[in-house]
Amino acid sequence: MKKSHIAALLAIGVLIAYIIGTSSNYSTYETFATANSNAGKEFQVVGILAPDKEMHYSPEEDANRFTFYMMDENNETRKVVYYGAKPTDFERSEKIVLTGKMQGEEFHATKILLKCPSKYIEDQLDDKGYYSPQAAATVN
């Protein structure tokens, strides 16, 4: 076996070890229950806005604090604290992806990603202008 073959096999081995070692950092969407059971670890949680719950953003008091309630894919609702400005068209988003971690009973988000509202979903909004999965189901 030539030295170049040994070097190539060694490089492939190192590459495989790197991929396996970093694969634990790749995350998929999780639920509040998973985030709660691993407090202190950062997760991405996907869900929808709970429109019947309180949402608070007062730029006069604190422009970098926005609180709301979100229901995850397991229908668990949690209070979310986001340290940033309220995103534009927040109420009209179909889904919300949060990056953050649980602190007590609250999810503290460092990033919010909104599924862009479509200009074609006007008939899927409730009377308050919130996206409503029930209204969407009746349309489709």
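Details of the structure are given in the entry above.
A brief report on the enclosed structure follows.

The rules behind each value
- Residues numbered from 1 in each chain as written.
- Predicted model: local features only at pLDDT ≥ 70, side-chain atom pairs only at ≥ 80, totals over all residues.
- Heavy atoms only, no water.
- Helix = DSSP H or I, 4+ residues; strand = E, 2+ residues; numbered from the N terminus.
- Buried < 20%, exposed > 50% of the residue type's maximum accessible area, 1.4 Å probe, protein only.
- Contact = heavy atoms within 4.5 Å.
- Pairing = 2+ DSSP bridges.
- Patch = residues over 30% accessible without salt bridge, like charges linked within 9 Å, V, L, I, M, F, W, Y side chains within 5 Å.
- Areas by Shrake-Rupley, 256 points an atom, 1.4 Å probe, with all protein chains shown as cover.
- Salt bridge = Lys/Arg side-chain N within 4 Å of Asp/Glu carboxyl O.
- Core = buried A, V, L, I, M, F, W, Y, C linked by side-chain atoms within 4.5 Å.
- Polar contact = N/O pair within 3.5 Å; in protein donor to acceptor, adjacent residues only side chain to side chain.

1. Focus: the overall build of the protein chain
The secondary structure content of the protein chain amounts to three helices and seven strands. Put simply, the protein chain runs from its N terminus to its C terminus through helices and strands in the order α-β-α-β-β-β-β-β-β-α. Across the 140 residues that make up the protein chain, the buried fraction comes to 31%. The long-range fraction of contacts in the protein chain, counting pairs at least 24 apart against all pairs at least 6 apart in sequence, stands at 50%.

2. Some words on the pairing of strand 7 (residues 106-114)
Where strand 5 (residues 77-82) lies against strand 7, four bridges are found, and the strand directions are parallel. Bridging from a neighbouring strand, Lys-79 pairs with Glu-106 of strand 7. As paired strands, strand 6 (residues 96-103) and strand 7 are joined by eight bridges and run antiparallel to one another. Bridged to Gln-103 within strand 7 is Glu-106. Following strand 6, the chain reverses through two residues before pairing antiparallel with strand 7; Gly-104 in that reversal takes a positive phi of roughly 70°.

3. Re a nonpolar patch on the surface
On the surface, a nonpolar cluster with roughly 670 Å² of combined accessible area is contributed by Met-1, Ile-6, Leu-9, Ile-12, Ile-16 and Ile-20. Residue placement: Ile-12 occurs in helix 1 (residues 3-22). Take Ile-12: its relative accessible area is 47%, and that puts it in the partly exposed class.

4. Considerations on the pairing of strand 6
Extensive coverage of strand 6 is indicated by the burial of six of its eight residues. Bridging between strand 2 (residues 43-49) and strand 6 involves five bridges; their strand directions are antiparallel. Residue Val-45 lies in a different strand from strand 6, and its bridge partner there is Leu-98.

5. Remarks on the nonpolar core
In terms of nonpolar packing, the biggest core is built from 18 residues, with Phe-68, Ile-96, Leu-98 and Phe-107 touching the most fellow members. Taken together, the elements giving at least two residues each to this core come down to helix 2 (32-37), strand 2, strand 4 (66-72), strand 5, strand 6 and strand 7. Of all the elements, strand 7 adds the most residues to this core, at four residues. Not counting the four nearest positions on each side in its chain, Ile-96 is found in contact with Val-45, Val-46, Gly-47, Ile-48, Leu-49, Phe-68, Met-70, Phe-90, Ile-112, Leu-113 and Leu-114.

6. Comments concerning the environment of Ser-93
Residue position: Ser-93 is located in the loop between strand 5 and strand 6. Take Ser-93: its relative accessible area is 5%, and that puts it in the buried class. Once the C-alpha coordinates of Ser-93 and Leu-49 are considered, the two residues, 44 residues apart in sequence, prove to be 8.2 Å apart. Among the polar contacts made by the side chain of Ser-93, one reaches the main-chain carbonyl oxygen of Phe-90 at a distance of 3.0 Å.

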